[in-house]
Amino acid sequence: MQNRFLEFKRLSREKLKGSCDRIPEKKRRMVVLGMCVLFTLLFALVLWDSFREQGVKDLFQIELITPLDLPQDSIINQLKDLTDGQKE
């Protein structure tokens, strides 16, 4: 499995290098810059569209948790009493 991954990685590098070598050097920077701008715009569009959905808006609404009713003789209350006594 490791060998297949390494072989795929090598082939993809060769294909990418071959594709970039066919672009004239003067135009290569503009092509890469154009691809970066295109990717950024596509990412922003997808992000904007995902936040417009109602399901996503519901994810960000905060529901408060009601406090637990602990018995008065619980360890937490005893610790609170001890720490309150030390502050004074």
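Nothing here was measured: the structure is a model prediction, and the numbers come from that model.

Caption draft 1: Main features of the overall build of the protein. Within the protein, the regular secondary structure consists of four helices and zero strands. A buried classification covers 3% of the 88 residues belonging to the protein. Surface exposure of the protein reaches about 9400 Å², of which carbon and sulfur atoms provide 64%.

Caption draft 2: Looking closely at helix 2 (residues 25-52). Here helix 2 is 28 residues long and its end C-alpha atoms lie 41 Å apart, about the 40 Å a rise of 1.5 Å per residue gives. The buried count for helix 2 comes to zero of 28 residues, which makes it a mostly uncovered element.

Caption draft 3: Focus on the pattern of salt bridges. Within this structure, the stated rule accounts for three salt bridges. Among the salt bridges present, the one from R10 reaches E7, with a minimum N-O distance of 2.4 Å. Placement of the pair is R10 and E7 together in helix 1 (residues 2-22), with a separation of three residues, close to one helical turn. Residue E7 is classed as partly exposed on the basis of its relative accessible area, which comes to 37%. One salt bridge in this structure joins E14 and R10, with 2.5 Å as the shortest N-O distance. Pair noted here: E14 and R10 are both in helix 1, with a separation of four residues, about one helical turn. Overall, R10 belongs to the partly exposed group, its relative accessible area being 39%. Several salt bridges share partner residues, and in doing so they unite E7, R10 and E14 into one network.

Parameters at a glance
- Residues numbered from 1 in each chain as written.
- Predicted model: local features only at pLDDT ≥ 70, side-chain atom pairs only at ≥ 80, totals over all residues.
- Heavy atoms only, no water.
- Helix = DSSP H or I, 4+ residues; strand = E, 2+ residues; numbered from the N terminus.
- Buried < 20%, exposed > 50% of the residue type's maximum accessible area, 1.4 Å probe, protein only.
- Areas by Shrake-Rupley, 256 points an atom, 1.4 Å probe, with all protein chains shown as cover.
- Expected span 1.5 Å × (residues − 1).
- Salt bridge = Lys/Arg side-chain N within 4 Å of Asp/Glu carboxyl O.

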